[in-house]
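For reference, the chains in residue letters:
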Amino acid sequence: MPWKNQGGGPWGSGPKGPWGSGPQPVGPRPPDLEDLLRRGQDRLQQIMPGGYFSGIGITLIVLLIIAFWLLSGFFRVQSEELGVVLRFGKHVRTVQPGLNYHLPYPIETVLLPKALRVNTISIGMTLIDDPARRGRSIRDVPEESLMLTGDENIVDVDFTVLWRIKPDGVGDFLFNIQNPEGTVKAVAESAMREVIGRSQIQPILTGARNVTEQNVHELIQKTLDSYGAGIQISQVQMQKVDPPAQVIDAFRDVQAARANLEQLQNEAQTYANQVVPQARGRAAQIQQAAEGYKEQAVAEAKGQSARFLKVYDEYKKAPDVTRERIYLETMERVLGGADKLIYDGGSSGQGIVPYLPLGELTSKRPPTAGQPSSGGNR
């Protein structure tokens, strides 16, 4: 007995079976694709009453295709990219980050290199995954790091090169070199070997790192410019500069001995800087004292000779008077500050005062410079 009646069979209405209600829908039902297509066709028929292949319909379809083709020329350039627009394969312009437009394919196409990003290349070392440490560790690459110096020594050099694409050289970067990273790495290693080969090992290991980095930087940039690579070197950083592992202990002993030598030399130079100025100061002091004594003696001699000449001139005018004056002045200078006793000189001395203390009757005059004090002279 067929169960196709609209009532759903003898057990009630709806899609039911003989044992109860039928299958219940679970969740929203997906849209019917055939129904959507049929509805779209009906709307197109309403817009194009003459059918798909009428003149209006074909024109409308062509206009829609042209509109989609023109809209396909819009593209977005990310923050670290630059857009290189090619017209039939030829570079015509470079656009900055943001929303831009080019003529649709196949007239124009666009390339989006990471031109504003700074790239890093390590030479002499490589990063490998280390599961034990849950990270990455550095592994030395001897075939890249061991280099020969100008004094025939071997040095282990690990360095890093930071580079980016020139803003005005994006076209050269895309079309002049095939492997940019490999090119930069090969040129950087060659430049470092050339600079190390012209240098001595001692300056490289001590204080000439900045000079070495600058020379390598200039040589890399010059070589890449000659290639027309469109690459700009931002910085060269020397990470490790050591002797080979087989001789590093002996080299450290030599470095310690040189450091001690420099320390002793510095101490000796400090002592010399302290003693030599003192000796020079004492020598200058003695010379100045001698010069002063010389000038004093000469001046005194000239003064005495001038005084003598003055006295002699006066003596020639009046010899007796001058002789008497000189005698009196001399006696006054000699006896001026001495105690005096006066005797009459008689033989008997009767009735005569034998002693006359003149020093107590007259006030004592202070002795002049160069004279002995009173007392002791009679």
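Refer to the structure presented above.
These numbers come from a predicted model, not from an experiment.

Remarks on the pairing of strand S12 (residues 154–165)
Part 1 of the argument: Counting buried positions over the 12 residues of S12 gives 10, a clear majority of the element.
Part 2 of the argument: In this sheet, S12 lies alongside strand S8 (residues 119–123) in antiparallel orientation, the contact comprising five bridges. Paired with Thr120 across the two strands is Leu162, which belongs to S12.
Part 3 of the argument: In this structure, strand S11 (residues 146–148) lies alongside S12, joined through three bridges in antiparallel fashion. Residue pairing for S12: Met147 is matched across the bridge by Val155.
Part 4 of the argument: From the end of S11 to the start of S12, which pair antiparallel, there are five residues, and Glu152 there has a positive phi angle of about 65°.
Part 5 of the argument: Bridge count between S12 and strand S13 (residues 231–242): 10 bridges; the pairing is antiparallel. When the bridges of S13 are listed, Asp156 appears paired with Asp242.

Describing a nonpolar patch on the surface
Part 1 of the argument: On the surface, a cluster of nonpolar side chains totalling about 1000 Å² of accessible area is made up of Ile58, Val62, Leu63, Ile66, Trp69, Leu70, Leu71, Phe74, Leu99, Tyr101 and Leu103.
Part 2 of the argument: Elements supplying a minimum of two residues to the nonpolar patch: helix H2 (55–71) and strand S6 (98–101).
Part 3 of the argument: Top element by residues in the nonpolar patch is H2. It accounts for seven residues.
Part 4 of the argument: Summarising the element assignment, Leu70 is placed in helix H2.
Part 5 of the argument: For Leu70, a relative accessible area of 39% corresponds to the partly exposed category.

Side note on the packing of helix H8 (residues 248–317) against helix H9 (residues 319–335)
Helix packing geometry: the angle between the two helix axes and the distance between the axes.
Part 1 of the argument: Put simply, H8 and H9 touch, their axes get as near as 5 Å, and they point 130° apart. Of the possible angle classes, the one that applies to H8 and H9 is oblique. Across the interface between the two elements, Val311, Glu314, Tyr315, Lys316 and Lys317 of H8 pack against Pro319, Thr322, Arg323 and Ile326 of H9.
Part 2 of the argument: Of the residues in the contact of H8 with H9, the class split is four nonpolar, one polar and four charged.

Let's talk about the environment of Ala115
Part 1 of the argument: Residue position: Ala115 is located in the loop between strand S7 (108–111) and S8.
Part 2 of the argument: Separated by 51 residues in sequence, Ala115 and Lys166 have C-alpha atoms that sit 7.2 Å apart.
Part 3 of the argument: Ignoring any residue separated from it by four or fewer positions in sequence, one finds Ala115 in contact with Glu80, Glu81, Leu82, Arg164, Ile165 and Val170.

Concerning the environment of His91
Part 1 of the argument: Mapped onto the elements, His91 comes out in strand S5 (residues 90–95).
Part 2 of the argument: Judged by relative accessible area, which is 31%, His91 ranks as partly exposed.
Part 3 of the argument: As for His91 and Glu108, which are separated by 17 residues in sequence, their C-alpha atoms are 9.6 Å apart.
Part 4 of the argument: Contacts of His91, omitting those with residues within four sequence positions, involve Val84, Val85, Leu86, Gly171 and Phe175.

Some remarks on the pairing of strand S3 (residues 74–77)
Part 1 of the argument: Because side chains alternate across S3, one face comprises the buried residues Phe75 and Val77, and the other comprises Phe74 and Arg76, none of which is buried.
Part 2 of the argument: Here S3 runs beside S6; their pairing, made up of four bridges, is antiparallel. Residue pairing across strands places Phe75 opposite Asn100, the latter belonging to S6.

About the thresholds
- Residues numbered from 1 in each chain as written.
- Predicted model: local features only at pLDDT ≥ 70, side-chain atom pairs only at ≥ 80, totals over all residues.
- Heavy atoms only, no water.
- Buried < 20%, exposed > 50% of the residue type's maximum accessible area, 1.4 Å probe, protein only.
- Helix = DSSP H or I, 4+ residues; strand = E, 2+ residues; numbered from the N terminus.
- Pairing = 2+ DSSP bridges.
- Patch = residues over 30% accessible without salt bridge, like charges linked within 9 Å, V, L, I, M, F, W, Y side chains within 5 Å.
- Areas by Shrake-Rupley, 256 points an atom, 1.4 Å probe, with all protein chains shown as cover.
- Salt bridge = Lys/Arg side-chain N within 4 Å of Asp/Glu carboxyl O.
- Axes fitted to C-alpha atoms, helices over the stretch in contact; angles between N-to-C directions.
- Parallel < 35°, antiparallel > 145°, perpendicular 65-115°, else oblique.
- Contact = heavy atoms within 4.5 Å.
- Nonpolar A, V, L, I, M, F, W, Y, C, P; charged D, E, K, R; others polar.

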